[in-house]
Structures are given as structure tokens and as C-alpha cells.
Amino acid sequence: MSLNNTPSADRIHISFFGRRNAGKSSVVNAVTGQQLAIVSDVLGTTTDPVLKAMELLPLGPVVIIDTPGIDDEGELGALRVKKSYQMLNKTDIAVLVADATIGMTKEDEALLERIRQKGIPCVIVYNKSDLAEVKAVSENEICVSAKTGENIYQLKELIAAQAKNSDNKKHIVSDMLEPGDIVVLVVPIDSSAPKGRLILPQQQTVRDIIDHHSVCVVTQPSELAMTLSSLAKKPRLVITDSQAFAQVSRIVPEDITLTSFSILFANYKGNLRLAVSGVRALSTLEDGDTVLMAEGCTHHRQCDDIGTVKIPRLIKSFTGRDISFVWNSGTEFAEDLKKYKLIIHCGGCMLNEREMKFRLKCAEDEGVPITNYGTAIAYMNGILKRSLEPFPDIQGLI
């Protein structure tokens, strides 16, 4: 991935919902100016959510999501409807497309109620206005014709207006820095590192630092001591990959603030306070307890993978208990969480903020402690308090 590209996780996710043949996919194509979705008179043409990262003016970088019809029928249809509803968990702006010749149906109303419960900004679109006389009755409603192009430009402006609260920029690390500060990133290059590139959290952190006119120095753990001694100015911060936490902590002097990418990302797009509170459950695990290891993406696992090998091994050593592990990866999150004593989640770099917070809320509602990779590793190595120095209001929880 180029550093100039906006990661999908940081793009506004705009999801289009509606009944079969309401013209939802036609509206998606009209709004994007592309044949993004297959259009047909056959009911249920869209069978799976279609996600496309693109630029959409006046919003900029977005992810457009076309979903299956919310009135699909039969056993397979019910699965498609479930998929559509699941897309709400990653939706920043919902666009509900209704057929102007029919109006709002019970399926539309049910979805609209769920959208409101989740607090998602929503636009209601009455499509096929060329075939029926219908009037928008509120400021978030609009009548369009995907066929003729009527009011499509106005629809894009209305969608953009829903994103006005998304302009509050959050920062990974630059809000802790002054221009000219030096930040050292410790990036292990081993068998699990991707060939020829840095992983996404590292790329994003580099970009955030240099955008703020601070200085970024990248090194491996084996060269860290030499790197620190060669700097004429003391670094403001050292950020390490979680798997090298213990080694890096021994090298970095106590008067230099140390944290990890995972902890920064827990603060950036989740709830660091919840992760720190949840990590204490590691000290209460008993024989036979089950821990859920959750990741937001699927990837080719190496022989010493951090989520399937390194952290489970560390947990067994730390607790001295016979712990069972279950792994959940990809875009779907486990539904029945009560059987787990603890959930340990990855940094969530491939998930947008809304979906990461949804997962955290699921755990909180079920009363299951949840933490993340970096927080857990730092805790088990006895260095969590130090790694939370950038967040003094949370540091007191340890």
C-alpha cells in the first residue's frame, strides 16, 4: 500500500440498504458514476455485500457498500438479510433506498429503527421519482431517479452533509508531539514480517508523525541501542511492535517514554480504558478457561504467528494454567461471547472505528473482559504502567 493512499479503515463507510428491486444498486452506480453494482430486474441480484474503496466528491476517500435486499426470502435469503444488517456495524452513513412507487415498507421501517438505535446518520432516498409523484418530508429525505439522474448531485451533497461530524480528526500519535520532536519506531523484521513493506499500523504511524513535521527514525530491535546512542537529541517517544516489547523495554532508558503501536491504536479507534481494565482478567484465569483471540482481518499465518502462537504461549507461561483458545478472524465477530473468560483483540488496523467500537461494546454488554495484543503483552511483561505514560489518566488503572 502506498503511503499516499487512505487505508479503508480510515475512510468514511457509506452503506446503501433497501428492498429488492427498489433500485438500490442503480442508485449506487449513479452516485459513484461507475458500474459498481450489477443491475437487473431479477429479484435478489445483489447476493453479498459489495465493498469498494474510492474517491467520492465532495466527501473524498470513502468505502461504498452495496448490500443484499432486506426483504429476501427463504433460508438463503435470511442469511443475505443477516449479512445486510451486519454491515450496520461498520457503517458511518446509511442510505436507505425505498421504491417511490411503493413507499416505505415494514422492512424499510424495521431497518430504519435499527439505524436509529445505533445512532448512524441516515439519508432516506425515494428512487424511481420519474414513475411516481412523491415528496420528501424531512431534511434527510430526497427523491431521485437513478434512471434519469434527477437529484443525484443533490443526493451526494446530502450524504456529505451527514459526515460533518466526521471532520474531527483523530491522531495516532501526533497530538503528543511538537514539530521537530524525534520518534523512534522499533520494527522487527522476521519471518512474520511482510516482504518489501511495513504493516499498516507502522505505515500510518510514520505518516502521522511526518505530517506533523516531527522526525521519524525506524530501526530493528537489534539496532535500537546503536540508534539511540547515535541521536544528538533525546527522542520524545519510542514506539515498538508488541512482540518486541520486553526486549525494547530493557534497552530504552527510563527517562524516554515507551509505548506500542497496539496501545496507540487502541486509543485511536477503540477504547483504551476498556482494554486496560480488561487485561487484569489475565491474572484471574483458571484451568479450563477459554480465551478468544480475535483479529479484524485474515492473513497467511507464519510458524510463530503472534495471535495463534506467541501470545497463547505467553499466557500459559504467565498464568501457569491449562487455558483453551479459540480464534476468530475476519469481518465477522463471534456472536456468543459468554463462554469466554477473556477476549484479546488485535490492534484493529483493518477495522474502521465504528466496527471496532461495536466489538468492544458487544464484550462490555456481555460482561466479558476485553483487551488487545499490545496491552496484554505489556501487562504480562510487567511494563504496562510504563507503556501507558502517554495516557496518564489511564495509567492509574494499573
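Treat the numbers as computed from the prediction; the structure is a model and nothing was measured. Residue indices begin from 1 for each chain and proceed along its sequence in written order. Confidence filtering applies because this is a predicted model: local features only for residues at pLDDT of at least 70, side-chain atom pairs given and counted only at 80 or more, and all residues used for totals across whole chains, interfaces and linings. For the side-chain quantities, the full set of heavy atoms in the structure was used; hydrogens and water were omitted.

## Comments concerning the pattern of salt bridges
Selection rule: We count a salt bridge whenever a side-chain nitrogen from Lys or Arg sits within 4 Å of a carboxyl oxygen from Asp or Glu. When a residue's accessible area, from a 1.4 Å probe over protein chains only, is under 20% of the maximum for its type it is buried; when over 50% it is exposed; and in between it is partly exposed.
Across all of its chains, the model carries 20 salt bridges by this definition. Asp-72 is paired through a salt bridge with Arg-80; the nearest N and O atoms lie 3.4 Å apart. The pair Asp-72 / Arg-80 is uniform in exposure class, with both members buried. A cluster of three or more residues bridged by salt bridges with shared partners is formed by Arg-19, Arg-20, Asp-71, Asp-72, Glu-73, Arg-80 and Glu-107.

## A short note on the pairing of strand S9 (residues 237-240)
Quick reminder of the rule: Runs of H or I in DSSP of at least four residues are treated as helices and runs of E of at least two as strands, each being numbered from the N terminus. Pairs of strands are assigned from DSSP output, requiring at least two bridges between the strands.
Neither face of S9 is left uncovered, since the one carrying Leu-237 and Ile-239 and the one carrying Val-238 and Thr-240 both have all their residues buried. In this sheet, S9 lies alongside strand S7 (residues 182-186) in parallel orientation, the contact comprising 4 bridges. Paired with Val-184 across the strands is Val-238, a residue of S9. Pairing of S9 with strand S10 (residues 258-260), which is carried by 3 bridges, proceeds in the parallel orientation. Within the sheet, the bridge partner assigned to Val-238 lies in S10 and is Leu-258.

## With respect to helix H9 (residues 272-279)
We apply this condition: Any N or O atom pair separated by 3.5 Å or less is treated as a polar contact, with the protein-specific requirement of one donor-capable and one acceptor-capable atom, and with residues adjacent in sequence counted only for side-chain atom pairs.
Most of H9 is tucked away: 6 of the 8 residues are buried. Where H9 begins, one side-chain oxygen reaches toward the backbone nitrogen of Arg-273, 3.1 Å away; that side chain belongs to Asn-271.

## Section: the state of the cysteines
How we decide: Cysteine sulfur atoms are paired as a disulfide whenever they come within 2.5 Å of each other.
Summed over all chains, the structure comprises 0 disulfides. Counting only cysteine sulfurs, Cys-346 is the nearest neighbor of Cys-362, a cysteine outside any disulfide, at a range of 15 Å.

## Some points on the nonpolar core
Worth spelling out the cut-off: Among buried residues, those of type Ala, Val, Leu, Ile, Met, Phe, Trp, Tyr and Cys that are joined through side-chain atoms within 4.5 Å constitute a nonpolar core.
One finds Val-173, Val-238, Leu-282, Ile-315 and Ile-344 to be the most contacted residues of the largest nonpolar core, which totals 57 residues. Residues Ala-22, Leu-56, Ile-159 and Ala-160 belong to the second largest nonpolar core, which totals 25 residues.

## Topic: the sheet that holds S10
The condition that has to hold: Helix axes are fitted to C-alpha atoms over the stretch in contact, other axes to C-alpha atoms as well, and angles between N-to-C directions run from 0 to 180 degrees. Contacts are assigned to residue pairs that have any heavy atoms within 4.5 Å of one another.
If you trace the 4 strands from one edge of the open sheet to the other, you get S8-S7-S9-S10, paired in parallel fashion. Each edge of the open sheet carries a strand with a single partner, namely strand S8 (215-219) and S10. Here the average twist between neighbouring strands, direction ignored, is 25°. Pairing geometry for S7 and S8, over 5 bridges, is parallel. Bridged to Val-186 within S8 is Thr-219. Relative to the sheet, helix H8 (residues 261-269) contacts S7, S9 and S10, its axis offset from that of S10 by approximately 70°.

Function-wise, these values are silent; they only describe arrangement.
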